Amino acid sequence: MKVTRLDATQLPAANDELADLLTDTVDDGASIGFLAPPDRAAAVDWWRERADGVAAGRLAVWAASNGERIVGTVSLAFPDKPNSRHRAELIKLMVHREARGEGLGRRLLTVAEDAAVAAGITLLHLDTETDSPAEHLYRSAGWTRAGVIPDYAASPGGELRPTTLYYKRVGEEVPAGTPTR
């Protein structure tokens with residue numbers, strides 16, 4: 001499995017495959033901002049709209065390919081405010097259901113964490129649907145649960161669901177007494 005960071009010219013070329021991945025992820029029940037049934041044109045547009053962020057350096061996108069198609073992705077969103085340049089948000093970690101169970105989610109997470117460190121980031125954060133399979137991945141990778149927000153987002157089926165916030169210190173010595181889970 002090859003994982004590649006997509007630049008501003010590669011991202012548009014990958015829009016169709018990334019849209020396929022997004023619709024597969026939503027079809028499988030993941031709450032990633034879209035309702036079921038997913039609208040493929042909206043998924044293509046969503047990815048197309050990310051190109052400006054990639055070109056400006058506000059967004060980094062990685063895609064995992066099995067040689068035939070894109071089967072996974074993860075992104076880091078970098079804030080533009082001066083007081084928050086030490087942190088980034090991990091977003092849209094997706095693995096095609098045919099590629100699950102092979103460690104790809106963990107690999108994508110590690111790629112994003114390593115890239116964050118290389119960029120001078122010391123704090124990552126994310127949100128994920130409470131009680132989703134993704135929570136196990138984040139906890140087992142050393143992310144710390146910060147709390148739960150009730151009725152945060154609608155599931156693909158339209159039901160309001162809570163989200164759990166996580167953070168992880170990276171690229172620095174973790175201060176003594178800092179919770180690790």
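Described below are features of the structure shown in this document. (Residues numbered from 1 in each chain as written. Predicted model: local features only at pLDDT ≥ 70, side-chain atom pairs only at ≥ 80, totals over all residues. Heavy atoms only, no water.)

**Points about the overall build of the protein chain**
Okay, so step 1: Secondary structure summary: the protein chain contains five helices and seven strands in total.
Okay, so step 2: Helices and strands appear in the protein chain in the N-to-C order β-α-α-α-β-β-β-α-β-α-β-β.
Okay, so step 3: Over its C-alpha atoms the protein chain spans a radius of gyration of 16 Å, differing by no more than 12% from the 16 Å that the globule rule assigns to 181 residues.
Okay, so step 4: Here the protein chain, with 181 residues, has 41% of them falling under the buried criterion.
Okay, so step 5: With the model as given, the accessible surface of the protein chain reaches about 9400 Å², and the carbon-plus-sulfur share is 49%.
Okay, so step 6: For the protein chain, the separation between the mean place of its 21 positive charges and that of its 26 negative charges on side chains is 5 Å. (Helix = DSSP H or I, 4+ residues; strand = E, 2+ residues; numbered from the N terminus. Rg over C-alpha atoms; globule rule 2.2 N^0.38 Å. Buried < 20%, exposed > 50% of the residue type's maximum accessible area, 1.4 Å probe, protein only. Areas by Shrake-Rupley, 256 points an atom, 1.4 Å probe, with all protein chains shown as cover. Lys, Arg positive; Asp, Glu negative; His and termini not counted. Charge placed at Lys NZ, Arg CZ, Asp CG, Glu CD.)

**So, the environment of R145**
Okay, so step 1: Here R145 is to be found in strand β6 (residues 144-154).
Okay, so step 2: Here R145 falls in the partly exposed class, since its relative accessible area comes to 46%.
Okay, so step 3: Spatially, the C-alpha atoms of R145 and Y166 are 4.5 Å apart, while their sequence positions differ by 21 residues.

**So, the layout of surface pockets**
Okay, so step 1: Its boundaries defined by the atoms lining it, the largest pocket holds a volume of some 990 Å³.
Okay, so step 2: As for the largest pocket, its lining consists of 40 residues, of which A30, I32, L93, T128 and A134 are closest to the centre.
Okay, so step 3: The greatest single-element share of the lining of the largest pocket, amounting to seven residues, is contributed by strand β4 (residues 87-95).
Okay, so step 4: When the residues that make up the lining of the largest pocket are grouped by side-chain class, the tally is 20 nonpolar, eleven polar and nine charged. (1 Å grid on protein atoms, 1.4 Å probe; cavity = no way out; pocket = protein on both sides within 12 Å on 5 of 7 lines; lining within 4 Å. Points joined across faces, edges and corners; volume = space filled by probe spheres on them. Nonpolar A, V, L, I, M, F, W, Y, C, P; charged D, E, K, R; others polar.)

**A look at the packing of aromatic side chains**
The description of an aromatic ring pair uses the distance of the two centres, along with the angle that the planes make with each other.
Okay, so step 1: Inspection of the entire model under this criterion finds four aromatic pairs.
Okay, so step 2: Summarising the aromatic geometry, the rings of W46 and W47 are spaced 4.9 Å apart at their centres and angled 90 degrees between planes, so their arrangement reads as edge-to-face. Like W47, W46 is buried.
Okay, so step 3: Summarising the aromatic geometry, the rings of Y138 and Y166 are spaced 6.2 Å apart at their centres and angled 45 degrees between planes, so their arrangement reads as tilted. (Phe/Tyr/Trp six-rings, centres within 6.5 Å; stacked < 30°, edge-to-face > 60°.)

**Re the side chain of R50**
Okay, so step 1: When you line up the elements, R50 lands in the loop between α2 (40-49) and α3 (51-56).
Okay, so step 2: No salt bridge is formed by the buried R50; the nearest opposite charge belongs to E49, separated by 4.2 Å.
Okay, so step 3: Dropping the residues within four chain positions of it, R50 is found in contact with L11 and L59. (Salt bridge = Lys/Arg side-chain N within 4 Å of Asp/Glu carboxyl O. Contact = heavy atoms within 4.5 Å.)

**Remarks on a nonpolar patch on the surface**
Okay, so step 1: Residues I149, Y152 and L165 make up a contiguous nonpolar surface patch of roughly 240 Å² in combined accessible area.
Okay, so step 2: Mapped onto the elements, I149 comes out in strand β6. (Patch = residues over 30% accessible without salt bridge, like charges linked within 9 Å, V, L, I, M, F, W, Y side chains within 5 Å.)

**Focus: the pattern of salt bridges**
Okay, so step 1: Summed over the entire model, instances satisfying the criterion amount to eleven salt bridges.
Okay, so step 2: Note that E98 and R69 form a salt bridge whose closest N and O atoms lie 2.5 Å from each other. One end of the pair, E98, is in the loop between β4 and α4 (104-118); the other, R69, is in the loop between β2 (59-65) and β3 (70-77), and 29 residues separate them in sequence.
Okay, so step 3: Accessibility expressed as a relative area gives 60% for E98, which makes it exposed.
Okay, so step 4: One connected set of salt bridges, linked through shared partners, spans D24, D28, R97 and R100.

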